[in-house]
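Architecture at a glance
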Amino acid sequence: MNPYILATLLFGLGLGTTITFASSHWLLAWMGLEINTLAILPLMARHHHPRAVEATTKYFLTQATAAATILFASTTNAWLTGQWDILQMAHPIPTNMVLLSLALKIGLAPMHSWLPEVLQGLDLTTGLILSTWQKLAPFALLLQIQPNTSILIFLGLTSTLVGGWGGLNQTQLRKILAYSSIAHLGWMLLILQFAPSLTLLALLMYIIMTSSLFLIFKLNQATNINTLATSWAKSPMLASIAPLLLLSLGGLPPLSGFMPKWLILQELTKQDLPLAATFAALTALLSLYFYLRLSYTMALTLSPNSPTGTTPWRLPHLQTTMPMTIFTTLSLFMLPLTPATIVLLTF
């Protein structure tokens, strides 16, 4: 792709998200979401492959449906209450419509079926943008609305269950990452109405950990579980660090991924929701199983056709490794900073 066109599209991505962040009017927020969607579509379809075109078409139809529902809900809210302000969502009908359309936009269960298929049709770089940056604008709206409804608990628990269950039988890494994304988004939604700062913390940690995992897979040029077995021959150090990163995504102490899960379970217990906390903790075990599968394949398995003297695997790569290094370090060692993080998020 022409670098000028690429720069324009990335600028459009940033502009759309920034407009949604800065807006207090529903039409302006809707316009930011639309700019965001239109900017990523050419990035998704830049590889002229049937899978990429199919993924782009599915993504466009899903996002257009969600955006139309948001526009309809905001118009209904203005008709019922006379307010276009995002913070003035007083009526339950438009509030629930907006909530469900934003859930469709980010891929929460049970509106999740488009996400694994779309992510599977993309390359790892565009998949990284879709899994991280594209979640920011809808979450900004969710944090502003702060709907106080049991639908949030239902969506959160369903997403944690589907995200864990759906990834069990997968062999494609991008689909596994899609189900991992669904499960993490479920944790964020569970706590949204009780402690929005914890939602923000969980989103930040999810972006850091997912970014480092995508960058590691991109460096190893791995797209399915079998290709992970050759990681040891390509980069031994990375193959020993990546299992720790996967366990951090699973939420095991003393790694960074334990921090949001621990705080969310604590807050749910304080809110007299012990059943929801127990169910979420049990569904996290499902996710942990496929993270352990990836860890086992990457660190404890050698590919049957990987002789140690194969020279092409030893050639130096030309990719920038600094972002991957920063994200991986943050993904592993942020747990001791939990008190400071809580104080920062409170303010």
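Residues numbered from 1 in each chain as written. Predicted model: local features only at pLDDT ≥ 70, side-chain atom pairs only at ≥ 80, totals over all residues. Heavy atoms only, no water.

**Digging into the overall build of the protein**
Test applied: Helix and strand labels come from DSSP, where a helix needs a run of H or I of at least four residues and a strand needs a run of E of at least two; each type is numbered from the N terminus. Computation of the radius of gyration draws on C-alpha atoms, with the globule rule given as 2.2 Å multiplied by the number of residues to the power 0.38. Three exposure classes are used, based on accessible area relative to the maximum for each residue type with a 1.4 Å probe and protein chains only: buried under 20%, partly exposed in between, and exposed over 50%. The contact rule is simple, with two residues in contact once any of their heavy atoms fall within 4.5 Å. For the purpose of charge, His is not counted, nor are the chain termini; Lys and Arg are scored as positive and Asp and Glu as negative. Think of each charge as sitting on NZ of Lys, CZ of Arg, CG of Asp or CD of Glu.
What the protein contains, in helices and strands, is 17 helices and 0 strands. For a compact globule of 347 residues, the expected C-alpha radius of gyration is about 20 Å, and the protein comes in at 20 Å, within 12% of that figure. By principal-axis analysis of the C-alpha atoms, the protein measures approximately 70 × 50 × 35 Å. Counting over 347 residues, the protein shows a buried share of 53%. Considering only residue pairs separated by 6 or more positions, the protein has 78% of its internal contacts joining residues 24 or more positions apart. If you average the places of the 13 positive and of the 7 negative side-chain charges in the protein, the two averages end up 15 Å apart.

**Let's talk about helix 1 (residues 3-22)**
Formally: The span one expects for a helix is its residue count, reduced by one, times 1.5 Å. Contacts described as polar in this section are N or O atom pairs within 3.5 Å, which, within protein, must combine one atom able to donate a hydrogen with one able to accept it, while residues neighboring in sequence count only if both atoms come from side chains.
With 20 residues, helix 1 should reach 28 Å at 1.5 Å per residue; the first-to-last C-alpha distance of 28 Å fits that figure. On its buried face, helix 1 is in contact with helix 2 (26-44), helix 6 (124-131) and helix 7 (136-145). Of the residues that open helix 1, the one with a side-chain oxygen 2.8 Å from the backbone nitrogen of Tyr-4 is Asn-2.

**Side note on the domain arrangement of the protein**
Where the parts come together, the accessible area they lose is often given as the size of the interface. The following threshold applies: Domain limits in this description derive from either an automatic procedure or a database domain assignment. Buried area: the accessible surface (1.4 Å probe) lost by two parts on joining, summed over both.
Here the domain parsing of the protein yields domain 1 (1-122) and domain 2 (147-304 + 319-346). Of note, the centres of domain 1 and domain 2, computed from C-alpha atoms alone, are 24 Å apart. Taken together, the 18 residues of domain 1 in the interface contact 21 residues of domain 2. In this assembly, domain 1 packs against domain 2 so that about 1600 Å² is buried in total across both faces, 76% of it on carbon and sulfur atoms.

**What to know about a nonpolar patch on the surface**
What counts here: Patches here: salt-bridge-free residues with over 30% relative accessible area, like charges joined within 9 Å, nonpolar side chains (Val, Leu, Ile, Met, Phe, Trp, Tyr) joined within 5 Å. Accessible surface area values rest on a Shrake-Rupley calculation with a 1.4 Å probe, where residue burial reflects the displayed protein chains alone. Whenever Lys or Arg places a side-chain nitrogen within 4 Å of a carboxyl oxygen from Asp or Glu, that contact is recorded as a salt bridge.
Taken together, the side chains of Leu-38, Phe-60 and Leu-61 make up a nonpolar region of the molecular surface, amounting to roughly 300 Å² of accessible area. With respect to the helices, strands and loops of the structure, Leu-61 is situated in helix 3 (residues 50-81). For Leu-61, a relative accessible area of 52% puts it in the exposed group.

**Looking at empty space enclosed by the protein**
Using the following cut-off: Cavities and pockets are found on a 1 Å grid laid over the protein atoms alone: a cavity is a set of points where a 1.4 Å probe fits but cannot escape, a pocket is an open set with protein on both sides within 12 Å along at least five of seven lines, and a lining residue has an atom within 4 Å of such a point. Grid points are joined across faces, edges and corners, and a volume is the space filled by probe spheres set on the points. Residues are grouped as follows: nonpolar covers Ala, Val, Leu, Ile, Met, Phe, Trp, Tyr, Cys and Pro; charged covers Asp, Glu, Lys and Arg; every other residue, Gly included, is treated as polar.
Going through the model one piece at a time under the given rule, you end up with 4 cavities of 30 Å³ or more. In this structure, the largest cavity spans a volume of roughly 80 Å³. As for the largest cavity, its lining consists of 13 residues, and the residues nearest its centre are His-184, Trp-187, Ala-202, Pro-260 and Lys-261. By residue number, the principal contributor to the lining of the largest cavity is helix 10 (residues 196-220), which donates 4 residues. The class makeup of the residues in the lining of the largest cavity is 9 nonpolar, 3 polar and 1 charged. Looking at the second largest cavity, the residues that line it are Leu-33, Asn-36, Thr-37, Tyr-59, Gln-63, Lys-105, Gln-134, Ala-137 and Pro-138. For the lining of the second largest cavity, the secondary structure elements donating two or more residues are helix 2, helix 3 and helix 7. The element best represented in the lining of the second largest cavity is helix 2, accounting for 3 residues.

**Section: the packing of helix 2 against helix 6**
The following threshold applies: Lines fitted to the C-alpha atoms define the axes, with helices restricted to the stretch that makes contact. Angles between their N-to-C directions range from 0 to 180 degrees. Roughly parallel here means an angle under 35 degrees, roughly antiparallel means over 145, roughly perpendicular means 65 to 115, and every remaining angle is called oblique. Crossings are sorted by hand: turned counterclockwise from the far helix by less than a right angle, the near helix makes the crossing left-handed, and turned clockwise it makes it right-handed.
Across the interface, helix 2 lies against helix 6 with an axial gap of 10 Å and an inter-helix angle of 160°. By the angle class used here, helix 2 and helix 6 are roughly antiparallel. Helix-helix and strand crossings are classified by hand; for helix 2 and helix 6 the assignment is left-handed. Between helix 2, through Ile-40, Leu-43 and Met-44, and helix 6, the contact on the second element is made entirely by Thr-126, Ile-129 and Leu-130. When grouped by side-chain class, the residues that make up the contact of helix 2 with helix 6 number 5 nonpolar, 1 polar and no charged.

**Thoughts on the pattern of salt bridges**
All told, the structure shown has 3 salt bridges when counted by the stated rule. Two residues, Asp-123 and Arg-46, come together in a salt bridge whose shortest N-O distance is 3.2 Å. In this pair, Asp-123 sits in the loop between helix 5 (114-120) and helix 6 while Arg-46 sits in the loop between helix 2 and helix 3, placing the two residues 77 residues apart along the sequence. The shortest N-O distance in the salt bridge between Glu-54 and Lys-58 comes to 2.9 Å. Taken as a pair, Glu-54 and Lys-58 lie in helix 3 at a separation of 4 residues, close to a single helical turn. Residue Glu-54 is classed as partly exposed on the basis of its relative accessible area, which comes to 36%.

**Some remarks on the side chain of Gln-120**
Among the secondary structure elements, Gln-120 is positioned in helix 5. Not counting chain neighbours up to four residues away, the residues in contact with Gln-120 comprise Arg-51, Gln-172, Arg-174 and Lys-175.

**Re unusual backbone geometry**
Among all residues except glycine, the phi angle is most often negative; among peptide bonds, the trans geometry is most common. Of note, the amide linkage connecting Ala-109 to Pro-110 takes the cis form, showing an omega dihedral of 5°. Note that Pro-110 resides in the loop between helix 4 (92-106) and helix 5. A cis amide bond links Pro-253 to the next residue, Pro-254, at an omega of 5°. Unlike most non-glycine residues, Gln-146 shows phi in positive territory, near 45°. Within the secondary structure, Gln-146 is located in the loop between helix 7 and helix 8 (150-166).

**Details of the UniProt feature "domain: NADH:quinone oxidoreductase/Mrp antiporter transmembrane" (unreviewed entry) in the protein**
Here is the rule we go by: UniProt positions are given in the numbering used here, feature names are shortened, and annotations may be inferred rather than shown by experiment.
The positions that UniProt labels "domain: NADH:quinone oxidoreductase/Mrp antiporter transmembrane" (unreviewed entry) are, in the present scheme, residues 23-286. End-to-end, the C-alpha atoms of residues 23-286 are 38 Å apart, and along that stretch the chain is 76% helix and 0% strand.

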